[in-house]
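Reading the structure
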Amino acid sequence: MIITIDGPAAAGKGTLAASISKKYNYAYFDTGMVYRAVGLEMHLQNKDLSDQAAALQISQNLTFEHMHELAKNPDFRSALGGKNASIVSAYPEVRKALLKMQQDFAQNPVFADGRPAKGVVYDGRDTGTVVCPQADVKFFITASPEVRAERRYKEFLQKGISANYEDVLADVKARDERDANRATAPMKPAADAVIFDTSTLTIPEVLQKACEVIDEKQNH
Ligand code: DC
């Protein structure tokens, strides 16, 4: 069983993906990690983000193991890490180089401890359209930029990171613009995706609706 969850930053994809993978005992692949890894490695190697050749070389050499090593760096999940990931993810050659690693996971999904899994939940921007167009169930999770910025802003404050709501909102809008308007694999719902707007639904409500779709698919 392959389930894909796409949508803009801070729409609730990660929470939903983690809940679904736990409930059904499926592996989870957060595909934003591949672009965050390349963005961080560019920074660690003092490369300018506009250096597409360097980004391509890093992408070609990136392994699943090294990506998980980089994820331990505090900058990996930072707002800057997300922005840098979004910038390098717009390079078509980078996307091409990172596609196989993402697709291979569906052939042989494993949990973090290496045990094999019977299914996989992907989250990202193009997992239902490009990475796994053959997925059994596809979701597209969205919410207004204001609602998503408010969530991010509260997350920052909870983590003790000082933040300004207007800056967070501007950042969310800039990321949407870049992710949705790039030439290669732009963020958009697959034609056969089920779309949820989390501006009006709580995460438990979305989870319940998503499980109804998955159960229906499994029963047929
Ligand atoms: O989901 P995230 O915030 O970790 O993603 C970081 C960036 O990576 C996002 O702004 C765009 C890019 N990305 C992508 O282009 N395709 C994906 N499948 C996942 C992420």
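Scope of this entry: the structure provided in the associated data block. (Residues numbered from 1 in each chain as written. Predicted model: local features only at pLDDT ≥ 70, side-chain atom pairs only at ≥ 80, totals over all residues. Heavy atoms only, no water.)

What follows is about the nonpolar core. Counting residues in hydrophobic clusters, the biggest one holds 32 residues, and the most contacted among them are V38, L62, M67 and Y122. Counting only elements with at least two residues in this core, the list comes to strand 2 (27-30), helix 2 (32-44), helix 3 (52-61), helix 4 (64-70), helix 5 (79-88), helix 6 (92-107) and strand 3 (120-124). (Core = buried A, V, L, I, M, F, W, Y, C linked by side-chain atoms within 4.5 Å. Buried < 20%, exposed > 50% of the residue type's maximum accessible area, 1.4 Å probe, protein only. Helix = DSSP H or I, 4+ residues; strand = E, 2+ residues; numbered from the N terminus.)

Take the side chain of T198 next. Tracing the backbone shows T198 in the loop between strand 5 (194-197) and helix 10 (203-219). In this structure T198 comes out as buried when scored by relative accessible area, which is 2%. In this structure the side chain of T198 is engaged in a polar contact, spanning 2.9 Å, whose partner is the backbone oxygen of A11. With sequence-adjacent residues up to four places away left out, T198 is seen in contact with A11, I141, T142, A143, R151 and V206. (Polar contact = N/O pair within 3.5 Å; in protein donor to acceptor, adjacent residues only side chain to side chain. Contact = heavy atoms within 4.5 Å.)

Taken N-terminus to C-terminus, the directions of helix 1 (residues 13-24) and helix 10 make an angle of 45°; their axes are 10 Å apart at the nearest point. When the axes of helix 1 and helix 10 are compared, the pair comes out oblique. As helix 1 runs across helix 10, the sense of the crossing is right-handed. Residues T15, L16, S19, I20, K23 and Y24 of helix 1 lie in contact with helix 10, whose contacting residues are I203, V206, L207, A210, C211, I214, D215 and Q218. For the contact of helix 1 with helix 10, the class distribution of residues is nine nonpolar, three polar and two charged. (Axes fitted to C-alpha atoms, helices over the stretch in contact; angles between N-to-C directions. Parallel < 35°, antiparallel > 145°, perpendicular 65-115°, else oblique. Left-handed = near helix turned anticlockwise from the far one by under 90°. Nonpolar A, V, L, I, M, F, W, Y, C, P; charged D, E, K, R; others polar.)

Surrounding the ligand, one finds 14 residues, the nearest of these being R36, R95, D126, R175 and D179. In this structure, an oxygen atom belonging to the ligand sits 3.0 Å away from a side-chain N or O atom of R125. One nitrogen or oxygen atom from the side chain of D126 is found 2.8 Å from a nitrogen atom belonging to the ligand. Isolated, the ligand exposes 450 Å² of accessible area, and the fraction of that covered by the protein chains is 96%. (Near = heavy atom within 4 Å. Areas by Shrake-Rupley, 256 points an atom, 1.4 Å probe, with all protein chains shown as cover.)

This part covers the side chain of Q102. Mapped onto the fold, Q102 is located in helix 6. Taking relative accessible area as the criterion, Q102 reaches 0% and is therefore assigned buried. Beyond its immediate stretch of four places on either side in the chain, Q102 contacts F29, T31, V34, Y35, Y122 and V131.

Right, let's talk about the packing of aromatic side chains for a bit. If you walk through the whole model with that rule in mind, you get seven aromatic pairs. For the pair Y24 and Y26, a centre-to-centre distance of 5.9 Å together with 20° between the ring planes defines the contact as stacked. Summarising the aromatic geometry, the rings of Y153 and Y165 are spaced 6.1 Å apart at their centres and angled 80° between planes, so their arrangement reads as edge-to-face. Separated by 12 residues along the polypeptide, Y153 in helix 8 (residues 145-158) and Y165 in helix 9 (residues 165-181) bring together distant segments of the chain. (Phe/Tyr/Trp six-rings, centres within 6.5 Å; stacked < 30°, edge-to-face > 60°.)

Take the sheet that holds strand 1 (residues 2-6) next. Judged by pairing direction, the sheet is parallel, and its five strands sit side by side in the order 2-3-1-4-5 without closing on themselves. Two strands bound the open sheet, and with one partner strand each, they are strand 2 and strand 5. The average angle at which neighbouring strand axes cross in this sheet is 20°, direction not considered. Note that strand 2 and strand 3 share four bridges and pair parallel. Following the sheet pairing, F29 is matched in strand 3 by Y122. The sheet contacts of helix 6 involve strand 1, strand 2 and strand 3, and relative to strand 3 the element is tilted by about 160°. (Pairing = 2+ DSSP bridges.)

Our focus in this paragraph is the packing of helix 8 against helix 9. Two elements in contact, helix 8 and helix 9, have axes whose closest approach is 9 Å; the angle formed by their N-to-C orientations is 125°. Between helix 8 and helix 9, the angle falls in the class oblique. With respect to the hand of their crossing, helix 8 and helix 9 are arranged in right-handed fashion. For the pair formed by helix 8 and helix 9, the contact residues are P145, E146, R148, A149, E150, R152, Y153 and F156 on the first element and Y165, V168, L169, V172, K173, R175 and D176 on the second. Each residue belonging to the contact of helix 8 with helix 9 can be placed in one class, and the counts come to eight nonpolar, no polar and seven charged.

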